[in-house]
Amino acid sequence: MFNLDLPFEIQGIAKLQNKKLIIGNFPPFSEVQFGSHGAYIRETGFETANKGNKLECDEFQYTITKEYAFVYFDFINKYTLDSVRAKVLSQLNQRLTTIKSIKYDFVTVKTEESLDIKDACLLKIVFESTEEFINDCEDLVCQC
């Protein structure tokens, strides 16, 4: 979905489920693996839809905004957090995104992400991604 060109793997879009970071929408799920270093993107659950232009009958164009958290972890100090932040921000700024916050503090990120880790360099970037959507009444009975 985001296809960021980074020197480390982004494991996928994760969701917090039963206190575990799960990747995938349908079983079999995979769990985020905390190796030496890497990252995941998590859906925060915040989403808004703004109704735009009426296209025909009851079809409208919507602008959908979803919030995500990019979380980088590094147990071996492979990269500096400043260099990762710069690279990720440059990649996100090339897409329809708005950066909402950047956090480096270990305790804050660990707590917010419910991570069960002892010590690591952590970086969390919360951003919003915007896309266009057209509602479709094709399989529904819609009043015109």
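Just above sits the structure.
The residue count restarts for each chain, going from 1 along the sequence in the order it is written. Local features in this predicted model are restricted to residues of pLDDT 70 or higher, and side-chain atom pairs are both shown and tallied only at a pLDDT of 80 or more, whereas totals for entire chains, interfaces and linings draw on every residue. Note: side-chain values were computed over all heavy atoms of the structure, leaving out hydrogens and water.

Considerations on the packing of aromatic side chains
Argument step 1. Stacked, edge-to-face and tilted are the three classes for Phe, Tyr and Trp ring pairs, Trp counted by its six-membered ring, which pair at centre distances within 6.5 Å; planes under 30 degrees apart are stacked, over 60 edge-to-face, the rest tilted. As enumerated under the stated definition, the model contains 5 aromatic pairs in all.
Argument step 2. Aromatic side chains Phe-34 and Tyr-40 sit 6.4 Å apart centroid to centroid with 90° between the ring planes, which places their arrangement in the edge-to-face category.
Argument step 3. Burial classes follow relative accessibility: with a 1.4 Å probe on protein chains only, a residue under 20% of its type's maximum area counts as buried, one over 50% as exposed, and anything between as partly exposed. Residue classification places Tyr-40 among the buried positions, given a relative accessible area of 0%.
Argument step 4. Seen from their ring centres, Phe-34 and Phe-73 are 4.7 Å apart, and the 55° between their planes marks the pair as tilted. Of this pair, Phe-34 sits in the loop between β3 (30–31) and β4 (37–56) while Phe-73 sits in strand β5 (residues 59–74), placing them 39 residues apart in sequence.
Argument step 5. Overall, Phe-34 belongs to the partly exposed group, its relative accessible area being 31%. The numbering of helices and of strands both runs from the N terminus, where a helix is a DSSP run of H or I of at least 4 residues and a strand a run of E of at least 2.

Points about the nonpolar core
Argument step 1. For the purposes of this section, nonpolar cores are sets of buried Ala, Val, Leu, Ile, Met, Phe, Trp, Tyr and Cys residues that join through side-chain atoms within 4.5 Å. Membership of the largest hydrophobic core comes to 16 residues, with the highest contact counts inside it found for Phe-8, Phe-70, Tyr-72, Val-88 and Ile-125.
Argument step 2. Counting residues per element, the ones that place at least two in this core are β4, β5, α1 (81–92) and β7 (121–134).
Argument step 3. Take this core: its biggest share by element is 5 residues, from α1.
Argument step 4. Whether two residues touch is decided by their heavy atoms; if any such pair falls within 4.5 Å, the residues are in contact. With residues near it in sequence (within four places) discarded, Ile-125 still touches Tyr-68, Ala-69, Phe-70, Val-88, Leu-89, Leu-92, Ile-99, Ser-101 and Ile-102.
Argument step 5. Counting residues in hydrophobic clusters, the runner-up holds 15 residues, among them Tyr-40, Val-109, Ala-120 and Val-126.

Structural notes on the environment of Asp-119
Argument step 1. Tracing the backbone through its elements, the reader meets Asp-119 in the loop between α2 (106–112) and β7.
Argument step 2. For the pair Asp-119 and Phe-73, spaced 46 residues apart in the sequence, the C-alpha separation amounts to 9.7 Å.
Argument step 3. Every residue in contact with Asp-119, bar those within four places of it in the chain, is listed here: Phe-75 and Phe-106.

Quick word on α1
Argument step 1. The span you would expect from a helix comes to 1.5 Å times its residue count less one. Its 12 residues give α1 an end-to-end C-alpha distance of 16 Å, which sits within 8% of 16 Å, the value for a rise of 1.5 Å per residue.
Argument step 2. Residues Leu-81, Val-84, Val-88, Leu-89, Gln-91 and Leu-92 constitute the buried set of α1. One side of α1 carries all its buried residues, which in axial view fall inside an arc of 160°.
Argument step 3. Where α1 is buried, its residues touch β5, β6 (97–103) and β7. Directions are taken from the helix axis to each C-beta atom, and the arc is the one they span.

Quick look at the sheet that holds β6
Argument step 1. The rule for pairing is simple: two strands pair if DSSP sees at least two bridges between them. What the 7 strands build is an open sheet, ordered β3-β2-β1-β4-β5-β7-β6; its pairing is mixed. What marks the edges here is a single partner per strand, and that holds for β3 and β6.
Argument step 2. Here β6 runs beside β7; their pairing, made up of 6 bridges, is antiparallel. Residue pairing in the sheet places Ile-99 in a bridge with Phe-127 of β7.
Argument step 3. Here an angle of 0 to 180 degrees is reported between the N-to-C directions of two axes, which are lines fitted to C-alpha atoms, with helices fitted over the stretch in contact. Strand contacts of α1: β5, β6 and β7, with the helix running at about 5° to β7, the strand carrying the most contacts.

Section: the side chain of Arg-42
Argument step 1. Relative to the helices and strands, Arg-42 resides in strand β4.
Argument step 2. Take Arg-42: its relative accessible area is 13%, and that puts it in the buried class.
Argument step 3. Discounting residues that sit within four places of it in the chain, Arg-42 has contacts with Ala-14, Leu-21, Glu-67, Tyr-68, Ala-69, Glu-113 and Lys-124.

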